[in-house]
Amino acid sequence: MDIQFDKLRHIGGGRILKKIICTLLIVILLTSPAFPLFADNERIMVKLNNMDLSFDVPPANIVGRTMVPLRQIFEELGMEVLWNEATKAVVGKKAGLEIRLQQDNNNAFVNGNKILLDVPSKSINGRTLVPVRFIAESTGAKVFWDEYNKTVYISTSNDNTLTLDKIKASADLSSEGWRLDKTGKSDDALLHFDKAIALDSFNCNAYYNKGLVYEKQNKLGEALKNYDAALKININSTIVHYTKANALYNFGRYIESARDYEEFAKYSKDKSKGTMISIMATMLFGKKRYEESILFYDIVIKYCTDNVELAYNNKAAALGYLNRYEEALQNYDKAIQLNPNVSKFYNNKGFIYMSKGNYEEAIKWFDKAIQLEPKVTDYYLNKGYSLFNLQKYDEAIESLTKSLTDDASIHTYGLIVQSLIDQKKYQEAHKYCDAAIKVIPNNAYIYVMKGSIFFLEKKYKESIEIYNKAAELDNNYVTPYYHNAINYAIIDDQEKALEYLRKAIELDSTIKFVAPKLSYFDKMKSNIEFIKLMSE
């Protein structure tokens, strides 16, 4: 989406042009902020007798089976480990038990008995991962997979059977609570989550879903309390960080939300995470929360692989609005390094130089943008504006007329003409109007500008002729009728002045309250028809 700068800009002769439209790109990559959940990217936890196990290579879900590094799981279960590098085979031993596996082989052996595995052991990041359920159950341990909390529970003694039963019951209560919430029974859902937590205080999912219920009830404090409890259990949970970040964002606590978005970006494997966070940044940009938007773009730059060049570009735009021009230029340079074929990056860098008043340097960058995409009219507008400020009027006209394609660009062109008028550079102003008329001969606004120049030069007949042309092109445009009424009043043709005033008042009734106060109509104030028209 193109952004408009509504800043005061100095223009030739020291006058101020109050509005110049330029192309400063902020990219919104999706139209809807509806985001997926990230269950597939959640960190899998493994608990042995309710104690967290830590692995140098994290557990992985492969074809529905949880795989863990073989040496660590064997040793945690009290087994000696023998590894044969040549055959990629491993043997785990302890009293009365021998387990044999080979990398990428579906056949395993427990005390010589052949077992067919759903998933063979795999090498990941220099470690051989083995199916944890098979290994644990082969040692006589009990195993429970908690789908909601993405946790494998292993119990090695009968004393822990009750604990596993509690864990299963807690998971079931959590699941039922989720179902109740979906059917609108939020209070019953909260009771189920509380019961689930009472049975298993490590039930991350119960805290998380409890937080969701409170958030829907607009009880942010309670929601955050439960999200934080979930994160104490699993600090790397991307879905909890993301949900907490969203909650903080929706309640306007943007700096706090950035911290959790950063944690989400740090641990999430979702390839579209850069897009998601960029959307949040761009929404802040749209609210003119430039400092906060920079925090979000920095997260994309640091942790994401998608949209990084756009993040640099958009961060630079925010820095530009904060008048931090040197930092903005550095970020545009990084965007260009990552993708030198995006013309808007060059244009936006040129605009920063234009904002600094370095018009010569700005033109170099606008020319690079034009070289990449010669049909983008905004680049000619910005280049023309820079040339205008250097008082290179003929070159400016050539560039500016190439930008005349829509009402916004025509209005901007008119502002430049107005600046010349304000400086009493009437001949230059005429040249600009004539150049525009050649490009867009049917635009009434340009004729009105030219008519105004003739008026200021006291060439009233020429002014009348041009205003009439504007009225022909747009008979609902009040300005040419009103200004011609003034022209005729000045040359003391009261009949014509009344004719044009009548038409102007038909289009804008407020004129009859303004006209009597203007000195242009002093000679007409005793005219019966004028008095009648003003009092109707």
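Another aspect to go through is the nonpolar core. Ranked by size, the top nonpolar core spans 87 residues in total, and within it Y261, F296, Y413, V417, Y432 and I446 carry the most contacts. Ranked by residue count, the leading element in this core is helix α11 (residues 308-321), at nine residues. The contact partners of F296, leaving out residues within four places of it in the chain, are Y249, Y254, S257, A258, Y261, I277, M280, A281 and L284. Core analysis: the second largest hydrophobic core is formed by 27 residues, L77, V90, A108 and I154 among them.

Two side chains that carry opposite charge are able to pair once their charged atoms sit near each other. Counted by the stated rule, this structure contains 32 salt bridges. Across the salt bridge formed by K266 and E263, the nearest N and O atoms sit 3.1 Å from each other. Here E263 and K266 lie together in helix α8 (residues 254-267), a separation of three residues that amounts to about one turn. Residues joined by salt bridges that share partners form a network here, namely K93, E98 and R100.

Across its 14 residues, helix α20 (residues 460-473) extends 20 Å between first and last C-alpha, which sits within 8% of the 20 Å expected from 1.5 Å per residue. Buried residues of α20: Y460, S463, I464, I466, Y467, A470 and A471, and no others. Tucked into the core, α20 has its buried residues touching α19 (444-456) and α21 (478-490).

Right, let's talk about the sheet that holds strand β10 (residues 89-94) for a bit. Pairing is antiparallel in the open sheet, where five strands are placed in the order β9-β10-β11-β12-β13. A strand with exactly one partner marks an edge of an open sheet, and here the two such strands are β9 (80-84) and β13 (113-116). Averaged over all adjacent pairs, the angle separating strand axes in this sheet is 20 degrees, with direction ignored. With five bridges connecting them, β9 and β10 associate as antiparallel partners. Note that in β10 the partner of E80 across the bridge is K93.

The buried fraction of strand β15 (residues 127-131) amounts to four of the five residues, a majority that puts the element mostly inside the structure. Two elements, strand β8 (residues 65-69) and β15, share three bridges in a ladder whose sense is antiparallel. Bridge assignment links V68 to a residue of β15, and that residue is V130. Pairing of strand β14 (residues 122-124) with β15, which is carried by three bridges, proceeds in the antiparallel orientation. Bridged to I124 within β15 is R127. Counting the residues between successive antiparallel strands, the hairpin from β14 to β15 contains two residues, one of them, N125, with a positive phi of roughly 50 degrees.

Within the secondary structure layout, W365 lies in helix α14 (residues 359-372). Those residues in contact with W365 that sit more than four places away from it in its chain are I336, Y346, N347, K349, G350 and Y353.

It is worth spelling out the packing of helix α9 (residues 273-286) against helix α10 (residues 290-303) at this point. Where α9 meets α10, the closest approach of the two axes is 8 Å, and the angle between their N-to-C directions is 165 degrees. Of the possible angle classes, the one that applies to α9 and α10 is roughly antiparallel. Here α9 runs over α10; the crossing is left-handed. For the pair α9 and α10, the contacting residues are K273, G274, I277, S278, M280, A281, T282, L284 and F285 in the first and Y290, E292, S293, F296, Y297, I299, V300 and Y303 in the second. Its residues placed into classes, the contact of α9 with α10 shows eleven nonpolar, four polar and two charged.

Next up on the list: the packing of aromatic side chains. Using the criterion set out here, one finds 20 aromatic pairs in the structure. Their ring planes at 40 degrees and their centres at 6.1 Å tell us that Y208 and Y227 sit as a pair that is tilted. Of the two residues, Y208 sits in helix α5 (residues 204-216) while Y227 sits in helix α6 (residues 220-233), which places them 19 residues apart along the sequence. The exposure classification of Y208 matches that of Y227, with both residues buried. Residues Y249 and Y261 carry aromatic rings whose centres are separated by 6.4 Å and whose planes lie at 80 degrees to one another, so their mutual orientation is edge-to-face.

Definitions and limits used
Residues numbered from 1 in each chain as written. Predicted model: local features only at pLDDT ≥ 70, side-chain atom pairs only at ≥ 80, totals over all residues. Heavy atoms only, no water. Core = buried A, V, L, I, M, F, W, Y, C linked by side-chain atoms within 4.5 Å. Buried < 20%, exposed > 50% of the residue type's maximum accessible area, 1.4 Å probe, protein only. Helix = DSSP H or I, 4+ residues; strand = E, 2+ residues; numbered from the N terminus. Contact = heavy atoms within 4.5 Å. Salt bridge = Lys/Arg side-chain N within 4 Å of Asp/Glu carboxyl O. Expected span 1.5 Å × (residues − 1). Pairing = 2+ DSSP bridges. Axes fitted to C-alpha atoms, helices over the stretch in contact; angles between N-to-C directions. Parallel < 35°, antiparallel > 145°, perpendicular 65-115°, else oblique. Left-handed = near helix turned anticlockwise from the far one by under 90°. Nonpolar A, V, L, I, M, F, W, Y, C, P; charged D, E, K, R; others polar. Phe/Tyr/Trp six-rings, centres within 6.5 Å; stacked < 30°, edge-to-face > 60°.

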